[in-house]
Protein chains: 2
Amino acid sequence: MRLEWERVLAKRVAAFRACTRTDFSQLPCPPGTIHFTGGAPPVECLPAETISDALVRAWHAEPTALWYDETDGYEGLRVAIADRMRQRGARVDPGQVLITQGAQQAIDLVARLLLEPGDRVVVEGPTYFGALQVFEPYDVAIEAVPLDEAGVVLDRLEDAFRREPRPKLFYTVPTFQNPAGVTLSAERRSAVVQLAARYGVPIVEDDPYGELWYEAPPPPPLRAYWEEVLFIGTFSKTLAPGLRLGWLVAPPRLMKPLIDAKEAADIQSDRLLQRAVAAVVTSPWYEAHLRAARAEYAERCRLLADALSHELGELARWSLPGGGFFLWVTLTGEVDAATLLPRCAEAGVTYVPGSEFYPEHRPSPSLRLGFTTLGRDELLRGAERLGRALRRLLTEARPT
Amino acid sequence: MRLEWERVLAKRVAAFRACTRTDFSQLPCPPGTIHFTGGAPPVECLPAETISDALVRAWHAEPTALWYDETDGYEGLRVAIADRMRQRGARVDPGQVLITQGAQQAIDLVARLLLEPGDRVVVEGPTYFGALQVFEPYDVAIEAVPLDEAGVVLDRLEDAFRREPRPKLFYTVPTFQNPAGVTLSAERRSAVVQLAARYGVPIVEDDPYGELWYEAPPPPPLRAYWEEVLFIGTFSKTLAPGLRLGWLVAPPRLMKPLIDAKEAADIQSDRLLQRAVAAVVTSPWYEAHLRAARAEYAERCRLLADALSHELGELARWSLPGGGFFLWVTLTGEVDAATLLPRCAEAGVTYVPGSEFYPEHRPSPSLRLGFTTLGRDELLRGAERLGRALRRLLTEARPT
């Protein structure tokens, strides 16, 4: 006997979807295709031994951590996170840190805390697709405010904040933005928090890449400018995504409901892993690891950008990010990068089309190139293939 | 500048709460208090070495599992789970298994899938408090159907199913129920799924204890009677709660939205731990571990029950569970176990009051005694203290 699931499913299920609309497994990729789709540390930089050793030590030191406890997270890790954030200029008490299953769960918990049907949510355009994936099932109106070279455009942001009903949150990746690579300038950081305070709009600052700068550290996080900012961090990019260890910093008023929501969601995060990661990130090894990662990513970014200049020339433009994982390439002319993707895949190269990063998935002439997971040879060959494919496709597309 | 959080918080936040209303840390417990509050394997039965060794092996075999992938879970673990469920009589395809952060996340994902404001939810009275904690913020009407010695009372269940609007789900712990310890008989299992099919009510079967029987295995899970049943399992009770590894078995129609919801919630569960646990639960060690655990829990249960018979006599009644972690003790007379708890705590013994297990937290003369975390001496001393304290309190409470 069958149950009529269509009758019993909640309406929000219609908005459930995978993080990207593109099903990359369905692209016609020949063997050896070079994927610029990654947004993770490279395999050769995963500190597997270091974390594994720390985990074994934690396991032997405290096997009772296999029990229930510490819904808010292991105190030693919360202290280590608060310390690192203070070094970046944000005064954070460890009691304001909630350990989460990666940054993704932090976004999910914030949405539970704030969103109701009909609410307005402001994001950057483009923005991280995983945040859209969380917000959409809440039946909210998501509005994207454009970015320029110095981050979100202030007068457009104020327009969005001013309108009634006031937005329930502004979700932003101000530092080495995903996907655009831009960083909100220090002056604009002040201005953004002043706008948010004036109009009473909570800021959700997602900061996966802030520690991964190339030449110089970025300005302090928005949380350093305003204690009401909800700050989301993660070890997915600095250590490994598979750890699923992130955190949320919130004002004291919100900690009790957030901890209750975390308990209802999954009771607690892995306590032994938290102990292992606390040991790792407070060791001198971690600073050396970050230094090496920064240099490596800077080099890969430069290499790809140089190759693209050569291959694409006048067909595209981009700006060099100061850190992070992505080059955001915008093709000249009226073209949708999503429609070009299958042809590029046939030519042995893929990317994430820009449309994935907008709430309405509107056509976009941009594409996101993730360079951290590719070795130097792959970057050069990938740029060559991409240049050749795009040059051909864009020439075909234009009237002769 | 402060933000007016009361103005921006979602209405559902008013229903966020910790899993129990009792704040056990605030009870006036003297040193050496014996806590019957636990619902976990005992420290001495945590297979820390076994899991740690398996984890190190998994780590060395496949460090790339530290990357993003497998939102639905590691195939090897899903196959192992499907195999075990087939041994219990439920034909499950590994493609119908979603790995979750413990059973708690499975309950949370099911709620996201099904619940909308104003919906009706049917539970057992008493029921697991962590399920109530998930359902309440959805602004639903939660109705408890009573249990007797053979599980949920059928005519009361049919009354609840029949009324319009039809319930969105029936959440049940049919086997070694938490907290009542009762097991739904085989006959009633048939009847329950027939009722659910007739009235179109999804069944959510939570089964944390099904493998932990004392003398004989329980009847097959409800999922064995009906393929539309949503089945929730966990390794929290058979291995260790700190692993946060559970699973959800769902009909094929629901797998895509559930996997999307899991991705939005936290992207994936720990992939290395899934590999380690897959190796552990398919090894002969696991069967031996379960055999030893069953014998140990059976012995602790018997010991506590015998001691309580001696100490409480006519003051209380309970029935012996066939497995699981709990003895559900009901005091005679009109008394609320919650109001007696602080006085028992003063006397050096605690329990979870029955009111915690009802949707409306109504006064209850019952109390849940968890015996698995206590050694034999503690069980005897705890029973003695509890008997003495309750005898005094109940005598005081009655008119002379």
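Residues numbered from 1 in each chain as written. Chains lettered and ligands numbered in written order. Predicted model: local features only at pLDDT ≥ 70, side-chain atom pairs only at ≥ 80, totals over all residues. Heavy atoms only, no water.

Chemist: Got a minute to help me understand the interface of chain B and chain A in this structure?
Modeler: By a widespread convention, an interface's size corresponds to the accessible area lost as its parts come together. The partner chain A presents 83 residues to the 83 residues of chain B that form the contact. For the pair chain B and chain A, the summed buried surface comes to about 7,100 Å²; carbon and sulfur atoms form 59% of the total. When the buried area of chain B at its contact with chain A is split by residue, B:Trp5, B:Leu66 and B:Trp67 rank highest and sum to 10% of it. Between the two partners, chain B and chain A, sit eight salt bridges. One salt bridge in this structure joins A:Arg2 and B:Glu228, with 3.5 Å as the shortest N-O distance. The interface formed by chain B and chain A includes 45 residue pairs in polar contact (both at pLDDT 80 or more). Considering each element in turn, the side of chain B that touches chain A owes the most residues, 10 residues, to helix 9 (residues 252–266) of chain B. (Contact = heavy atoms within 4.5 Å. Buried area = accessible area lost by both parts, 1.4 Å probe. Salt bridge = Lys/Arg side-chain N within 4 Å of Asp/Glu carboxyl O. Polar contact = N/O pair within 3.5 Å; in protein donor to acceptor, adjacent residues only side chain to side chain. Helix = DSSP H or I, 4+ residues; strand = E, 2+ residues; numbered from the N terminus.)

Chemist: Help me out: how do you make sense of the packing of aromatic side chains in this one?
Modeler: Here the distance between the centres and the angle between the planes together describe a pair of aromatic rings. Residues and elements named next belong to chain A. The final tally for this structure, using the stated rule, is 22 aromatic pairs over all chains. Centre to centre, the rings of phenylalanine 161 and phenylalanine 170 are 5.7 Å apart; their planes meet at 70°, and the pair counts as edge-to-face. An aromatic cluster of at least three residues, connected via ring pairs, comprises Tyr128, Phe129, Trp328 and Phe357. Taking NZ or CZ as reference, arginine 362 lies 4.1 Å from the ring centre of tyrosine 358, over its face. (Phe/Tyr/Trp six-rings, centres within 6.5 Å; stacked < 30°, edge-to-face > 60°. Lys NZ or Arg CZ within 6 Å of the ring centre and 35° of its normal.)

Chemist: Hey, could you run me through the pattern of salt bridges in this one?
Modeler: One side chain can pair with another of opposite charge once the charged atoms of both are near each other. A complete count under the given rule lists 74 salt bridges over all chains for this structure. The residue A:Arg362 makes a salt bridge to A:Glu360 at a minimum N-O spacing of 3.0 Å. Residue B:Lys256 is joined to B:Asp260 by a salt bridge in which the shortest nitrogen-to-oxygen separation is 2.5 Å. With a gap of four residues between them, B:Lys256 and B:Asp260 both fall in helix 9, about one helical turn apart. Residues joined in a network through salt bridges with shared partners are A:Glu44, A:Glu215, A:Glu296, A:Glu299, A:Arg300, A:Arg302 and A:Arg376.

Chemist: I keep staring at the environment of B:Pro179 and nothing clicks. Help me out?
Modeler: Residues and elements named next belong to chain B. Note on placement: proline 179 falls in the loop between strand 6 (169–172) and helix 7 (186–199). The exposure class of proline 179 is buried, given its relative accessible area of 0%. C-alpha of proline 179 to C-alpha of leucine 248: the two residues are 69 residues apart in sequence and 21 Å apart in space. If near-sequence neighbours (up to four positions away) are discounted, proline 179 is found in contact with Pro126, Thr127, Phe326, Trp328, Phe357 and Arg368. (Buried < 20%, exposed > 50% of the residue type's maximum accessible area, 1.4 Å probe, protein only.)

Chemist: What is the right way to read the sheet that holds strand 4 (residues 141–148) of chain B from this model?
Modeler: All names here are of chain B. On the basis of which strands lie adjacent, the open sheet formed by eight strands has the order 2-9-8-7-6-3-4-5 and mixed pairing. Both outer strands of the open sheet, strand 2 (97–100) and strand 5 (151–152), are each paired with one neighbouring strand and no more. Across six bridges, the pairing between strand 3 (residues 120–125) and strand 4 is parallel. Counted as the bridge partner of valine 121 is isoleucine 142 from strand 4. Sheet strands in contact with helix 4 (residues 102–114) are strand 2, strand 6, strand 7 (203–206), strand 8 (230–234) and strand 9 (246–249), and its direction is about 160° off that of strand 8. (Pairing = 2+ DSSP bridges. Axes fitted to C-alpha atoms, helices over the stretch in contact; angles between N-to-C directions.)

Chemist: It is not clear to me how the relation of the copies chain B and chain A should be interpreted in this structure. Could you clarify?
Modeler: One copy of the chain maps onto the other through a rotation about an axis plus a displacement along that axis. In the superposition of chain B on chain A (RMSD 0.0 Å, axial shift 0.0 Å), the rotation amounts to 180°. Viewed as a symmetry operation, the transformation between the two copies matches a two-fold axis. When each C-alpha of chain B is compared by its distance to the rotation axis, B:Val56 comes out closest, at 3.8 Å. (Least-squares fit on C-alpha atoms with pLDDT ≥ 70 in both.)

Chemist: Just to check I follow, could you spell out the domain arrangement of chain A for this structure?
Modeler: Residue and element names in this part refer to chain A. Domains assigned within chain A are domain 1 (20–39 + 294–395) and domain 2 (48–282). Once you take the C-alpha centre of each, domain 1 and domain 2 turn out to be 27 Å apart. With both sides pooled, the region where domain 1 packs onto domain 2 buries about 2,100 Å², and carbon together with sulfur makes up 61% of that total. The largest per-residue losses of area from domain 1 upon contact with domain 2 belong to Arg294, Phe357 and Pro359, which jointly make up 31% of the total buried on that side. The interface formed by domain 1 and domain 2 contains two salt bridges. Summed over the shared surface of domain 1 and domain 2, the result is eight residue pairs in polar contact (both at pLDDT 80 or more). Counting only elements with at least two residues in the side of domain 1 that touches domain 2, the list comes to helix 11 (284–312) and strand 11 (326–331). (Domains from an automatic or database assignment.)

Chemist: What should I look at first to understand the environment of A:Glu187 in this one?
Modeler: Looking at the secondary structure, you find A:Glu187 in helix 7 (residues 186–199). Sequence separation of A:Glu187 and A:Ala150 is 37 residues, and the distance between their C-alpha atoms is 9.4 Å.

Chemist: Can you walk me through the packing of helix 2 (residues 48–61) of chain A against helix 10 (residues 271–281) of chain A in this structure?
Modeler: In a pair of packed helices, the angle between the axes and the distance between the axes together describe the arrangement. Residue and element names in this part refer to chain A. Where helix 2 contacts helix 10, the axes come no closer than 8 Å and their chain directions differ by 120°. By the angle between their directions, the pair helix 2 and helix 10 is classed as oblique. Along this stretch, helix 2 crosses helix 10, giving a crossing that reads as right-handed. Two secondary-structure elements touch here, helix 2 through Thr50, Ile51, Ala54, Leu55, Ala58 and Trp59 and helix 10 through Leu272, Leu273, Arg275, Ala276 and Val280. Of the residues belonging to the contact of helix 2 with helix 10, the class tally is nine nonpolar, one polar and one charged. (Parallel < 35°, antiparallel > 145°, perpendicular 65-115°, else oblique. Left-handed = near helix turned anticlockwise from the far one by under 90°. Nonpolar A, V, L, I, M, F, W, Y, C, P; charged D, E, K, R; others polar.)

Chemist: Mind showing me how you'd approach the pairing of strand 4 of chain B here?
Modeler: Along any regular strand, the residues point their side chains to alternate faces of the sheet. Residue and element names in this part refer to chain B. Crossover handedness for the path strand 3 to helix 5 (residues 129–135) to strand 4: right-handed. The sheet contact formed by strand 4 and strand 5 spans two bridges and is antiparallel. By the bridge assignment, aspartate 148 is partnered in strand 5 with glycine 151. Adjacent in sequence and paired antiparallel, strand 4 and strand 5 are bridged by two residues. (Right-handed = clockwise from strand over helix to strand, strands pointing away.)

Chemist: Would you mind showing me how to read the nonpolar core here?
Modeler: A general trend in soluble globular proteins is that nonpolar side chains are found buried together. Among the nonpolar cores identified, the biggest contains 156 residues, and A:Phe235, A:Leu243, A:Leu369, B:Phe235, B:Leu243 and B:Leu369 are the most heavily contacted of them. If you look at the next biggest cluster of nonpolar residues, it comprises 69 residues, including A:Phe129, A:Val204, A:Ile232 and B:Phe16. (Core = buried A, V, L, I, M, F, W, Y, C linked by side-chain atoms within 4.5 Å.)

Chemist: What exactly am I supposed to notice about the environment of B:Pro41 here?
Modeler: Mapping B:Pro41 onto the fold places it in the loop between strand 1 (34–35) and helix 2 (48–61). B:Pro41 sits in the buried class, given a relative accessible area of 1%. Once the C-alpha coordinates of B:Pro41 and B:Arg392 are considered, the two residues, 351 residues apart in sequence, prove to be 32 Å apart. When near neighbours in sequence (up to four residues on either side) are disregarded, B:Pro41 contacts A:Trp67, B:Leu46, B:Ser236, B:Lys237, B:Leu239, B:Pro241, B:Tyr297, B:Phe325 and B:Thr373.

Chemist: Can you help me understand unusual backbone geometry in this one?
Modeler: As a rule of thumb, non-glycine residues mostly have phi less than zero, and peptide bonds are mostly trans rather than cis. Of the consecutive residues A:Glu164 and A:Pro165, the connecting peptide bond is found in the cis state with omega at -10°. Considering the arrangement of structural elements, one finds A:Pro165 in the loop between helix 6 (154–162) and strand 6 (169–172). The residue after A:Asn178, namely A:Pro179, is reached through a cis peptide bond having omega 15°. Unlike most non-glycine residues, B:Glu70 shows phi in positive territory, near 60°. Mapped onto the elements of the fold, B:Glu70 is located in the loop between helix 2 and helix 3 (75–87). Residue B:Phe176 is not a glycine yet carries a positive backbone phi of 50°. Tracing the backbone shows B:Phe176 in the loop between strand 6 and helix 7.

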